[in-house]
Amino acid sequence: QVQLVESGGGLVQSGGSLRLSCAATGLTTGLTLSSYHMSWYRQAPGKERELVATSKTGGAANYLDSVKDRATISRDNAKNTVYLQMNKMKPEDTAVYYCNAKYWLGPGNYWGQGTQVTVSS
């Protein structure tokens, strides 16, 4: 079973930075993270989950408009790890952040347990 474990969340001051990490284990034998589209989502209390950033297997990256100039998604396929670097953080960024992996040729779709990010004003 694919397991995703997020880390790097915590409390940060407005204007500060965080780097979130997502480590994947239990991938199909012979595969690495290079076979999965990787995404970061977030969900604030009382709000629906929203897509923050996606890193596709082909190399394309997409971002939520509100973080486009402040966030960078990257991956290390050899380590089966994906990262989200966020700068100039705002209180509106406060949420639980979730890692997602989607196998590019099948129905596999996996979620991490989430990591809390709190930005103080």
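Residues numbered from 1 in each chain as written. Predicted model: local features only at pLDDT ≥ 70, side-chain atom pairs only at ≥ 80, totals over all residues. Heavy atoms only, no water.

I'm lost on the overall build of the protein in this one. Help?
If you tally the helices and strands in the protein, you get 0 helices and 11 strands. Walking the protein from its N terminus toward its C terminus, one meets helices and strands in the order β-β-β-β-β-β-β-β-β-β-β. Taken against the 2.2 N^0.38 rule, which gives 14 Å for 121 residues, the C-alpha radius of gyration of the protein at 14 Å falls within 12% of a compact globule. In the protein, buried positions account for 39% of the 121 residues. Expressed as a percentage of contacts within the protein between residues at least 6 apart in sequence, the contacts between residues at least 24 apart total 54%. Side-chain charges in the protein split into 12 positive and 8 negative, and the spacing between the mean points of these groups amounts to 4 Å. (Helix = DSSP H or I, 4+ residues; strand = E, 2+ residues; numbered from the N terminus. Rg over C-alpha atoms; globule rule 2.2 N^0.38 Å. Buried < 20%, exposed > 50% of the residue type's maximum accessible area, 1.4 Å probe, protein only. Contact = heavy atoms within 4.5 Å. Lys, Arg positive; Asp, Glu negative; His and termini not counted. Charge placed at Lys NZ, Arg CZ, Asp CG, Glu CD.)

Whenever I open this one, the nonpolar core confuses me. Can you help?
Across soluble globular proteins, nonpolar side chains have a tendency to be buried as a group. Membership of the largest hydrophobic core comes to 27 residues, with the highest contact counts inside it found for Met-38, Trp-40, Val-82, Leu-84 and Tyr-97. Among the elements of the structure, strand 3 (18–25), strand 4 (36–43), strand 5 (50–55), strand 7 (71–76), strand 8 (81–86), strand 9 (95–103) and strand 11 (115–120) are those that each provide at least two residues to this core. If we ignore the near neighbours within four places in the chain, the residues touching Met-38 are Cys-22, Leu-33, Ala-53, Thr-54, Ser-55, Ile-73, Arg-75, Val-82, Cys-99, Asn-100 and Ala-101. (Core = buried A, V, L, I, M, F, W, Y, C linked by side-chain atoms within 4.5 Å.)

How should unusual backbone geometry be read in this particular structure?
The phi angle of most residues is negative, glycine excepted, and most peptide bonds adopt the trans form. Positive phi is not limited to glycine here, since Asn-80 has a value of about 50°. With respect to the helices and strands, Asn-80 occurs in the loop between strand 7 and strand 8.

Explanation requested: the packing of aromatic side chains in the structure shown.
Given two aromatic rings, their pairing is described by the distance between the two centres and the angle made by the two planes. Throughout the structure, instances matching the rule amount to 2 aromatic pairs. When the centroid spacing of 5.5 Å and the interplanar angle of 50° are considered together, the rings of Tyr-36 and Tyr-103 count as tilted. Here the residue Tyr-36 occupies a position in strand 4, and Tyr-103 occupies one in strand 9, the gap between them amounting to 67 residues. Taking NZ or CZ as reference, Arg-49 lies 5.4 Å from the ring centre of Tyr-41, over its face. Residue placement shows Arg-49 over the ring face of Trp-111; its charged tip is 3.8 Å from the ring centre. (Phe/Tyr/Trp six-rings, centres within 6.5 Å; stacked < 30°, edge-to-face > 60°. Lys NZ or Arg CZ within 6 Å of the ring centre and 35° of its normal.)

Looking at this structure, I do not really get the environment of Gly-106. What am I missing?
Tracing the sequence through the fold places Gly-106 in the loop between strand 9 and strand 10 (109–111). Note: C-alpha distance between Gly-106 and Ser-120 (14 residues apart in sequence) is 41 Å.

I keep staring at the pairing of strand 8 and nothing clicks. Help me out?
Regular strands have side chains that alternate between both faces of the sheet. Taken across its 6 residues, strand 8 has 5 buried, putting it largely inside the fold. Two elements, strand 3 and strand 8, share 6 bridges in a ladder whose sense is antiparallel. Counted as the bridge partner of Cys-22 is Val-82 from strand 8. Pairing of strand 7 with strand 8, which is carried by 6 bridges, proceeds in the antiparallel orientation. (Pairing = 2+ DSSP bridges.)

Whenever I open this one, the pattern of salt bridges confuses me. Can you help?
Pairing between side chains of opposite charge can happen when their charged atoms approach one another. By the definition in use, this model includes 4 salt bridges. One salt bridge in this structure joins Glu-50 and Arg-42, with 2.8 Å as the shortest N-O distance. Asp-93 is paired through a salt bridge with Arg-70; the nearest N and O atoms lie 2.8 Å apart. Of the two residues, Asp-93 sits in the loop between strand 8 and strand 9 while Arg-70 sits in the loop between strand 6 (61–63) and strand 7, which places them 23 residues apart along the sequence. (Salt bridge = Lys/Arg side-chain N within 4 Å of Asp/Glu carboxyl O.)

Would you mind showing me how to read the side chain of Thr-54 here?
Among the structural elements, Thr-54 can be located in strand 5. According to the relative accessible area criterion, Thr-54 is buried, its value standing at 11%. One polar contact links Thr-54 to Ser-39, side chain to side chain, over a distance of 2.8 Å. Leave out the neighbours within four places in its chain, and Thr-54 touches Met-38, Ser-39, Ala-60, Ala-61, Asn-62 and Ile-73. (Polar contact = N/O pair within 3.5 Å; in protein donor to acceptor, adjacent residues only side chain to side chain.)

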